[in-house]
Each structure stands twice: as structure tokens, then as C-alpha cells.
Amino acid sequence: MAALLKPTPIDLRRGEPTPLNVVPMTPPVEATLRILLNSVPYLIGAAVVRQPAVGDAVAATVGRMPWLFDRRLLTLQLPDDSLPANRAVTLDWPVPYQAEWVGVPPRLLISRLVAMDKTVGVLLGTLITREPMQIQAREALDLSCELIAAAVGSESVLTGLASSAPQRPGELIVLPEPAAEAEAETPPDPAEVDQAERDRAIVEQVAKALDELTDARSIGRILRDAMNVITTIDSFSISLFNQNRQEVAYRYKVVGSDPESAAIGRQPVDDGLSAYAARRDRRWHAYVRQIALKTTDGLTSRAVSVLQFPLVAADEVFGIATLQAFGDKEFPDRETRLAARVLDISSDRLAAVRRAGQFQPSSPSPHDAAAAVVLPPAAAAPSSHRGGSAPSDAPAAQATAPSDPPAAAVAPAAVASTAGPMQTTDEVLSGLLRACESIGLPTTFMVGIDPGAGVIRGELVSGSESARELDYALGISGGRFSVPATDRYNAIARACRERRVILSPMLHEIVHPLRTSSAAVALEQIVGGGKSTVVPIVVSNDVVGALVIGPSADEVPFIMIERVRGIVDAAAAKLAAIWKANG
């Protein structure tokens, strides 16, 4: 790129410059350029040059563009690897003598316009600032580049150019390519033909696989496999939005087995209704984010490339598909467009299952059946009775007396604060809730597994007002909060079966099947939010319960989740020793 755009001395003659060959702007390009000028601060001019260049031909220009008289830019041929597709960069380029500037010299903004996998033009701009571009301006610029590229590369624009109005003196005009040049055909590259066949086969296989699927999870698995074939990724997820509430109703996420890929899954990415991909009318949105990784030297930062596709059906954005990979490089254009094609053919099916609320398969697959077994029993330690008041609206079959509490963990500070080796399980459990309050998590509650009954029961709640309201409604401390350990829709049961932290965006995933969706929404309004984080409690390699952080209005940050996991792991050894001493 530096060799292509290397400045050379320009002619400083004070005579009249040679007139440019220009055609009237087509309405889509002109409108997009004017919107671009209004959206990007300090951008005072922009122009589009078609490729392949036809003499000194300019497709469109608005505002002040002193570089249009520099013939090197008008005849520039950009190779495909010289600039990223439809992304703008800024260069220090000499200003021709025709322009008079006061203060900071302007910078040349240049972007390679790509449509249908071909370079169709170059966008030039005049930027009068040396400050870094804000993220909002960068997003507006990238979106404008894609729109201009689509307009310049479309057949309608080329047809409009051929029938353009007569030239007037001093008017900027683009000339169509000569007919002989347009009709010239080059033999297709065999490698490109083979790649196109493979891409078409992938799309056809995905379309065929989607024919019989009626739930979001099964569709997500098909798309996950397709994305792994199309490109190299470390994480794939799909989020589907709730029709009535402004939040995510279902999220399917898959990460790699290595610890670094697992860190991507633990640190949430913005894939809700407020995400840029959901708010903009574009086929995809790419950016780079930073995540924290735990190493022997502490926390370190790592760049992750994110590619998000809005899921659209009936002119409605109903979800987002997210691809993530370590590194700060962009996803290749061919792979990005192929992923967009695959997601396009699956959008209607995903929209249908979203409307029907069919997120999980109606009958478990062999993999699900293997995971949905009752967890192994854990040695129960004696505990004293824990009282509590709650309404008796739970199902009668579940209103049995609570079993002995499960193993749980407690913060090292809480362990040290209790009295010596004669601690009881209740003291450790209560210390865990107090430790969560001390690090800024006031609303928590605890559940334990009753292996004999195959259910998960409520145990303890923290002392916050929201926790007390939740306890009054669900009967957690009284043991009336009870869900089947094999329930596929309950986030607590899923966290215990899969032995991993589960992030739940809505309270209905926590209280299912005890409460309906509408009742869960009403309860969210009472307690002030519905986002929860479930951390399984493991003692002596047995999952014996879970700590539920929340519900609250905001998600728990990754650093806070890691602190809670450290508290749980440190206290699990303490409780194992207590239970062993008690026989």
C-alpha cells in the first residue's frame, strides 16, 4: 500500500488545471455521501472513483476534495490485499496548490470499495483533524462504505451511468467502460470454481439439514458445525430476542475445549438488542474486543476478533449470531459472505421457533439423555433446622420436608472468622453468603441436591431486601423451592449437570417449572431484575448444590465471577474436611 500511494512532487503551475471527465452522481451514491458528511465529524468532502479506472473518471463528489486534481489518485488501481474491504484509513497526502488551508493540514481518507467480492471503486475523503476517530464515527464510515460499494457495483448504477445527462463545463462526470472491455472474458480460475462449488455444497447441506428441525438448540448445532467448516473460530453463539420484553430470551453458545476458549464463553459479549449489529441495517458487524485470561502471573489481556450477523425475518431483527476468534485480524471476505449466506437460509426457521418458544428439543437426544441423569449422591452433614416463611402455592408433590443441606463453600475470610474445627455445615453456608455480601453481591441464595428424590431444593438466602422478597415468593429457606434435577429448561439444574457456571438472562430460567413466564416477569419487577449467575458447588468431586448470584438488573462482571469461584473452591476443601471428621 505504501508503494502504491507513495507521494511524488506534484505540478505547482498556477495555470488552469486540465478539466476532469465527470458524470452526474447517481441518487444512491449522492445521498449516501451527504449522509456520510453529516455523520462523521471533521469530514468536509468525499468522492468516489470507479475501478477499473476510465481515464480521469470520478463517480461522485460532494464537499471539498482538493485531491481530485491529483491524477495518481484518479487512476489508482488497488490490489485486493492493499486495503481492507469497505474500511477507511487515513494518510498524510500533500494538498494540491488549488486549495488554501489554515491551521492543521487535512488528511486523505481512503477506502477500497468491494461489492460481490470485487473491487468496484475507491472512496476518497478530506478529514481536517489529527485526533483518533471516535467509535461512532468509525461505525458510520464503515456502514457508508458498504452502502456506496453496493450502489457503485450494482447493475442499476452502471445502467444509469450509460444513460447519463450531457456533460456541462466544469461538471464532474464518470464515464462507462468501453463495450469491448466490458465484453472481454477471461478464463475462470479453476481454484475459484472449485471453491465456489464447495461453498454451494455447504449451503445446500445446511438447508437440507434444517428441513426437519423445530427447536433453536438443534438449529444452533447445525450452524455451529457449518461455521467450523467455513472458518476458524473459538466461539459460536446465537441469541434470540424476547418478543414482548427488550432482552435476550434464549442463547446457544459453544466454545472450544481449551481453557483460553472457555474464557471467551465466561466473559459475555454484547449480543442483545442494544448491540450494534441489532441496531444497524447491515449484513454484519466486525470489531475487536479485549478479554482477561488467568495465568500464573495473574490476569492478562487478549484480543478477540468478533463477527456478528443480525438475524432478520419479515424486516425484523430477532437475534444475533456471533463468531469469535483469538487475534485482531479481520475474518476473510469470502468466509464472511459464506457465513452470511448460511445464516440467511436459517433465519426463517429460527424466527419460527423463536415465535413458538421452541428453544429446546421436545425429546432429549442421546447426548442430552446421558447428561440428564441424577447427580451422584454426596455425604450429608448434620445441620440444624432453618426456618422461614413463604406462601404455600408450590405444587403439593414438591412441598415435602427439606433434606439435609448440601456441601457448599465459604470464603477464606469467613472460614477464619468462625470458630475452629468444630464448625457446622450451617456456619459454613452462612459464611458463604456473608462473603458474597462483603464483595458487593448482596442478593444471593443457595440450593442443594436431594439425590434420593432427584430434585434440587432451596436452602439459604442472603439478607438483602430483594432476597427476602424472593424467599417470600418461592419459599427458598423453607425448602419449598424444589425443581427436578433433570429439568432441561432450568438454569440451576443445567449448571449442576454440566458442572459449569451458567448465566441466566431472565428469572424464568431459574424458577421454571414452578412459575409461568408471566409470573416470573412479575417477580422480576418485585425484586428489581432477572439476571442471575449460577455457580455449581463441588465437594470431593461431587456436585452437591449451587450458589445463585442474583437476580439483579445487571449481569455480574467476569472478574467478580472469578472471585466467587475462588471463594467456592477454597471453601470446598474446608467442608470436605468437616464432613470427613463427622464420619
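Predicted model, so just to flag it, every value in this text is computed and none were measured. (Residues numbered from 1 in each chain as written. Predicted model: local features only at pLDDT ≥ 70, side-chain atom pairs only at ≥ 80, totals over all residues. Heavy atoms only, no water.)

Summary statistics for the protein give a mean pLDDT of 74 and a share of 75% for residues scoring 70 or more. Within the protein, strand β8 (residues 235-241) carries the highest mean pLDDT (92), whereas helix α12 (residues 412-417) carries the lowest (35). Every residue in residues 159-184 is under pLDDT 50, and counting partners more than four places away or in other chains gives 45 contacts. Counting contacts from residues 364-420, a segment whose pLDDT is below 50, to residues more than four positions away or on other chains yields 123 contacts. (pLDDT = per-residue confidence, 0-100. Helix = DSSP H or I, 4+ residues; strand = E, 2+ residues; numbered from the N terminus. Contact = heavy atoms within 4.5 Å.)

A few words now on the sheet that holds strand β4 (residues 60-63). Backbone hydrogen bonds are what pair the strands of a sheet, in a parallel or an antiparallel way. In spatial order, the strands read β4-β2-β7-β6-β5; together these five strands make up an open sheet with antiparallel pairing. At either end of the open sheet lies a strand with only one pairing partner, and these are β4 and β5 (88-91). Taking each pair of neighbouring strands and ignoring which way they run, the sheet shows an average axis angle of 20°. As defined by bridge partners, strand β2 (residues 43-50) adjoins strand β7 (residues 118-127) across seven bridges and the pair is classed as antiparallel. The partner of Val-49 across the bridge, within β7, is Val-122. (Pairing = 2+ DSSP bridges. Axes fitted to C-alpha atoms, helices over the stretch in contact; angles between N-to-C directions.)

Where burial is concerned, most of strand β6 (residues 107-115) is hidden: nine out of the nine residues are buried. Of the pairings in the sheet, the one linking β5 to β6 comprises four bridges and is antiparallel in character. Looking at β6, one finds that Ala-88 is bridged to Ser-111. Where β6 meets β7, nine bridges bridge the pair, whose relative direction is antiparallel. Opposite Arg-112, over in β7, you have Val-122 as the bridge partner. Connecting β6 to the next strand, β7, in antiparallel fashion are two residues, including Met-116 with a positive phi near 55°. (Buried < 20%, exposed > 50% of the residue type's maximum accessible area, 1.4 Å probe, protein only.)

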